[in-house]
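Residue-level structural notes
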Amino acid sequence: MLFEAYIHDLLQLLPSYQKKKEKAEMRALLEQKRRILSAEEVATCSQEVVDAIRQTAEYRQAKHILVYYPVKNEIDLRELFQDASADKHFYLPVTHRRGLELREYIGEENMKKGKFGIPEPQTPTYRGKIDLMLIPGVGFDHKLYRMGRGGGYYDRLLRLYRRSYKIGIGYKFQWVDTIPHTHHDKRMNQIITAVTK
């Protein structure tokens with residue numbers, strides 16, 4: 001009886017294990033493709049995405065916006081910081097223990113490299129409303145599921161901001177048919193990508 005229960009439990013875990021394996025293989029392939037992009041391709045695609053974001057009603061109406069600091073050839077959205085005003089504030093995620101906290105971006109002179117070598121604002125933690133979240137991903141699929149780097153940091157953050165409008169940001173080759181997902185994975189409201197040469 002105990003052995004049968006053990007086999008039953010093992011069989012229940014197999015689909016989850018298979019999804020993790022498929023995800024890891026897909027993540028490695030997509031990250032490799034992104035890392036070999038030229039600086040010119042990154043700059044051109046970043047400008048295309050920034051222009052597309054500025055055209056959305058969600059961006060024009062948003063007062064509190066979560067962005068990210070680009071690493072390893074991610075789409076660079078830092079041009080959006082030029083839109084900062086009394087009515088438009090930008091925040092960056094900062095690694096805090098096993099999660100992310102948000103801090104307002106007020107300029108490069110206020111940035112300092114954090115835990116993973118990514119520049120972080122040295123402003124107080126922000127716990128208020130976020131109207132729009134611009135979220136990087138290793139991959140996205142046509143059901144708007146996002147695949148991150150595997151640490152679960154954004155997944156935990158997204159649970160706290162269920163009502164925020166979420167736009168996944170990436171390159172066209174990162175938008176695939178299907179990403180293996182579990183109940184932990186959160187969907188975006190929209191995906192904005194740019195096509196590489």
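Residues numbered from 1 in each chain as written. Predicted model: local features only at pLDDT ≥ 70, side-chain atom pairs only at ≥ 80, totals over all residues. Heavy atoms only, no water.

**Structural notes on the packing of aromatic side chains**
Pairs of aromatic rings are described using the distance from one ring centre to the other and the angle between the two planes. Spelled out, the test is: Working definition: rings of Phe, Tyr and Trp (its six-membered ring) pair if their centres are within 6.5 Å, and the pair is stacked with planes under 30 degrees apart, edge-to-face with planes over 60 apart, and tilted otherwise. Secondary structure elements follow DSSP: runs of H or I of four or more residues count as helices, runs of E of two or more count as strands, with numbering from the N terminus. Only protein chains enter the accessibility calculation, which uses a 1.4 Å probe. A residue is then buried if its area is under 20% of the maximum for its type, exposed if over 50%, and partly exposed in between.
With the rule as written, the count across this model stands at 4 aromatic pairs. Each ring, one from Y91 and one from Y126, has its centre 4.1 Å from the other, and the planes form 20°; the classification is stacked. Of this pair, Y91 sits in strand 2 (residues 89–96) while Y126 sits in strand 6 (residues 125–126), and the two are 35 residues apart along the sequence. Plain terms: the ring middles of Y171 and F173 are 5.5 Å apart, the flat faces sit at 5° to each other, and that makes the pair stacked. Since its relative accessible area comes to 17%, F173 is described here as buried.

**Examining the pairing of strand 2**
On a regular strand, each side chain points to the face opposite its neighbour's, so the side chains alternate between the two faces of the sheet. Selection rule: Strands are treated as partners if at least two bridges between them are detected by DSSP.
Relative to strand 2, strand 1 (residues 64–66) runs parallel, the two sharing 3 bridges. Directly across from H64, in strand 2, lies its bridge partner H89. Of the pairings in the sheet, the one linking strand 2 to strand 3 (residues 99–104) comprises 6 bridges and is antiparallel in character. Residue P93 lies in a different strand from strand 3, and its bridge partner there is L102.

**Quick word on the nonpolar core**
Using the following cut-off: As used in this record, nonpolar core signifies buried Ala, Val, Leu, Ile, Met, Phe, Trp, Tyr and Cys residues forming a set joined through side-chain atoms within 4.5 Å. A contact between two residues is defined here by any heavy atoms of the two lying within 4.5 Å.
By size, the foremost hydrophobic cluster in this structure holds 50 residues, and its most contacted members are I53, L77, L134 and I169. Of all the elements in the fold, those that place two or more residues in this core are helix 2 (39–54), strand 1, strand 2, strand 3, strand 7 (132–136), helix 4 (153–160), strand 10 (165–171) and strand 12 (190–194). Among the elements that line this core, the one with the most residues is helix 2, at 5 residues. For L77, the contacting residues outside a window of four places in its chain are V49, V50, I53, V67, Y68, L134 and I169.

**Focus: the pattern of salt bridges**
Formally: Salt bridges are defined as contacts in which a side-chain nitrogen from Lys or Arg sits within 4 Å of a carboxyl oxygen from Asp or Glu.
One pass over the structure, following the stated rule, counts 5 salt bridges. Here R54 makes a salt bridge to D83, at a shortest N to O gap of 3.0 Å. Here the residue R54 occupies a position in helix 2, and D83 occupies one in the loop between strand 1 and strand 2, the gap between them amounting to 29 residues. A relative accessible area of 24% means that R54 is categorised as partly exposed. Note on D83: relative accessible area 24%, which makes it partly exposed. Linking D131 and K129 is a salt bridge whose minimum nitrogen-to-oxygen distance equals 3.4 Å.

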